[in-house]
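# Breakdown of the fold
Chain by chain, the residues run as shown.
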Amino acid sequence: MLQVMQVDTEGLIPNNVGLGQDKRVQKALEKWHPGYIDWWMDMGPEGFQDVPVYLRTAVSVDSDGWAKFDYVKMPEYRWGILLAPQEEDRKIPFGNHVGEPAWQDVPGEYRAMLRRLIVIQGDTEPASVEQQRHLGTTAPSLYDMRNLFQVNVEEGRHLWAMVYLLQKYFGADGRAEAQELLERRSGDADTPRLLGAFNEATPDWLSFFMFTYFTDRDGKMQLASLAQSGFDPLSRTCRFMLMEEAHHMFVGTTGVGRIVQRTCEAMREAGIDDPYAIEKVRDLGVIDLPTIQKKANLHFSLTLDLFGSEISTNAANAFNASLKGRFREDKLEDDHRLENDTYPVLRCIDGKIGKEDVPALQALNMRLRDDYVDNCERGILQWNRIAKKNEIDFEITLPSVAFNRAIGEFSGIETDLEGQLMSAEDWQSRKDKLLPNTDDGEFIQGLMKQSAERDAGNYSSWIAPPKVGINNKPGDFEYVKFED
Ligand code: BYC
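The present account deals with the structure reproduced in this document. Sequence order sets the numbering: in each chain, residues are counted from 1 along the sequence as written. Note on the predicted model: pLDDT of at least 70 is required for a residue's local features to be given, and 80 or more for side-chain atom pairs to be given and counted; whole-chain, interface and lining totals, by contrast, use all residues. To obtain the side-chain values, all non-hydrogen atoms of the structure were included, while hydrogens and water were left out.

Within this analysis, patches are made of residues with over 30% relative accessible area and no salt bridge. Like charges are joined at 9 Å or less; nonpolar side chains (Val, Leu, Ile, Met, Phe, Trp, Tyr) at 5 Å or less. Only the protein chains shown count as cover for residues, and the accessible areas themselves come from Shrake-Rupley with a 1.4 Å probe. By definition, a salt bridge exists where a carboxyl oxygen of Asp or Glu is found within 4 Å of a side-chain nitrogen of Lys or Arg. The charged-residue count follows a simple rule in which Lys and Arg add positive charge and Asp and Glu add negative charge, with His and chain termini not counted at all. Taken as the charge location is NZ of Lys, CZ of Arg, CG of Asp or CD of Glu. The grouping of Glu279, Asp283, Asp432, Asp439 and Glu442 at the surface amounts to a negative patch. Every element with two or more residues in the negative patch is listed here: α7 (278–283) and α12 (438–447). Secondary-structure assignment places glutamate 442 in helix α12. Since its relative accessible area comes to 54%, glutamate 442 is described here as exposed. Secondary structure counts use DSSP, requiring at least four H or I residues in a row for a helix and at least two E residues in a row for a strand, with both numbered from the N terminus. Residue exposure (1.4 Å probe, protein chains only): buried if accessible area is under 20% of the type maximum, exposed if over 50%, otherwise partly exposed.

Here's what the structure looks like:
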């Protein structure tokens, strides 16, 4: 049985949490709002704050028809606080409190741990907007520009979602954390964002698509684990965020797919079979497949670091406390406590990589990462089908999980794409072939121009048009309206 609460769209902050009756939180959020708008103007999409964009806005939380599409100038976007409907009699699905009624308030003993999880989740959202803020000017089409901005405003809404939890449930320290979320900056030497991958640059559109494919998918896995939380407001918030997240990954999967498609078509038209004829392929104004592979190597390995260490007491504590579960915890069939279970973890011991059984509670980050890798494999099959259909003999593959890592078991070693150990000298001499190098970056930057692409229905040379428009709009739909 679900309790659906109507979305109040009248006030300054659209919400389905009864904000109008909760004056304390309403006031706190209204006080936070101007700082958020200042942050958005400073750090949001550069140069496009004034143009109407065809965006979807969440107006309900029903799984059908929860959003409406219309032209909006981004600073006027209705960032709202929307939680999935409350499940009547929901029980905690895992951990020491399995089977107890889900908490509607913060359990005092876990306050600090819960706050930390919410702050880390919240920090990634504005970080990604900051990372992508320069991309609008080089969008390959109005369709892509609109998708970028859609992703950006929804990441902004996800920040609101976490800030609501902090303001409502964590008193003065929640307010301080909410403020700090507006103060840290991606890549800043003094006040960086909290997690590594969110301080990296997103310099071009291939990176953007890889980021939405790989890193937003980490978002999906982490949100899905937090959606299992015994703290019901967090669970409900994450369940609604996941509905929005699906589109972000769609942007990544189809974006890379369309680049592969265009490259393969151009190769075929020019009679080039060899995907490693890099210069010849680049001369066609498309991105060669080995460079696409290198970008995948980079974004996959950076994203794996977001899962934390393979063996983690933090993760065990969060699970025991019934705060963060496993992926699809409620669909798994075991005791949901894991006290006597083991899980095979890939480790590096005495310079050798191999699997070792460790207590399952300690291995929860590894398990989530395994689920993630499995999830990543599926979309890559789609890219490879495109190459095959075009009779180009090239398969994009995921590198070993030990490759290019900065966190966890493999942070102290270097390996090749297959996970074979390499010496430091070997790594130095070969890394340009495994990860994007300066030449690759310059070549891709050279393609990132925008001129005719601002005309509806036009696409840059290096990307194929999408099969269907957003909200089924026709190919020449004007997703972003520029003044003549
Ligand atoms: N960078 O036990 P450990 C998304 C720290 S993406 C820097 O190994 P734990 C999105 C860690 O904080 C999803 N530091 O790891 C996507 C800890 O520090 P303290 C975001 C790192 O805690 C696209 C120490 O190392 N959500 O939504 O088990 C666009 C030892 O930690 C990193 C979440 O991540 C790193 N990569 O797991 C927009 C969910 N990794 O506390 C949005 C919430 C670890 O000792 N977060 N450290 O000072 C968590 O569940 C966990 O905090 C982590 C780390 C999975 C991140």
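This part covers helix α6 (residues 232–270). The span you would expect from a helix comes to 1.5 Å times its residue count less one. Between its terminal C-alpha atoms α6 stretches 57 Å, which fits the 57 Å expected from 39 residues at 1.5 Å a residue. Remark: the principal bend of α6, roughly 30°, maps to methionine 243. The element α6 is extensively covered by neighbouring structure, given that 28 of its 39 residues are classed as buried. Positive backbone phi, at 70°, marks glycine 271, one or two positions downstream of α6. The bend at a residue is defined as the angle formed between two axes, one fitted to the seven residues ending at that residue and one fitted to the seven starting there.

Attention now goes to the packing of aromatic side chains. Pairs were defined over the aromatic rings of Phe, Tyr and Trp, the Trp ring being its six-membered one, requiring ring centres within 6.5 Å. Orientation was assigned from the angle between planes: stacked under 30 degrees, edge-to-face over 60, tilted for the rest. Using the criterion set out here, one finds 32 aromatic pairs in the structure. Taking the centre distance of 5.6 Å and the plane angle of 25° together, the rings of tyrosine 54 and phenylalanine 69 count as stacked. Here tyrosine 54, found in strand β2 (residues 52–58), pairs with phenylalanine 69, found in strand β3 (residues 67–73); they are 15 residues apart in sequence, far enough to count as distant. Both rings, one in phenylalanine 94 and one in phenylalanine 319, keep their centres 5.0 Å apart while their planes meet at 35°; by these two values the pair is tilted. Here the residue phenylalanine 94 occupies a position in the loop between β4 (86–87) and α2 (111–131), and phenylalanine 319 occupies one in helix α9 (residues 313–320), the gap between them amounting to 225 residues. The class of phenylalanine 94 is buried, set by a relative accessible area of 0%. Following the ring pairs from residue to residue traces out a cluster consisting of Trp32, Tyr36, Trp39, Trp40, Tyr77, Trp79 and Trp160. We call a charge positioned above a ring when the Lys NZ or Arg CZ atom is no farther than 6 Å from the ring centre and deviates by at most 35 degrees from the ring normal. Seen from the ring of tyrosine 213, arginine 217 lies directly overhead, with NZ or CZ sitting 4.3 Å from the centre. Stacked on the ring of tyrosine 71, the Lys or Arg lysine 481 has its end atom at 4.2 Å from the ring centre.

Looking now at the pairing of strand β5 (residues 342–349). Taken together, the 8 bridges between β5 and strand β6 (residues 352–359) define a ladder with antiparallel strand orientation. Residue pairing for β6: isoleucine 349 is matched across the bridge by lysine 352. Where β5 folds back on β6, the antiparallel hairpin that results is connected by 2 residues, among which aspartate 350 adopts a positive phi of roughly 50°. Strand pairing is assigned whenever DSSP identifies at least 2 bridges connecting the two strands.

As far as function goes, none of this settles anything; it's purely spatial.
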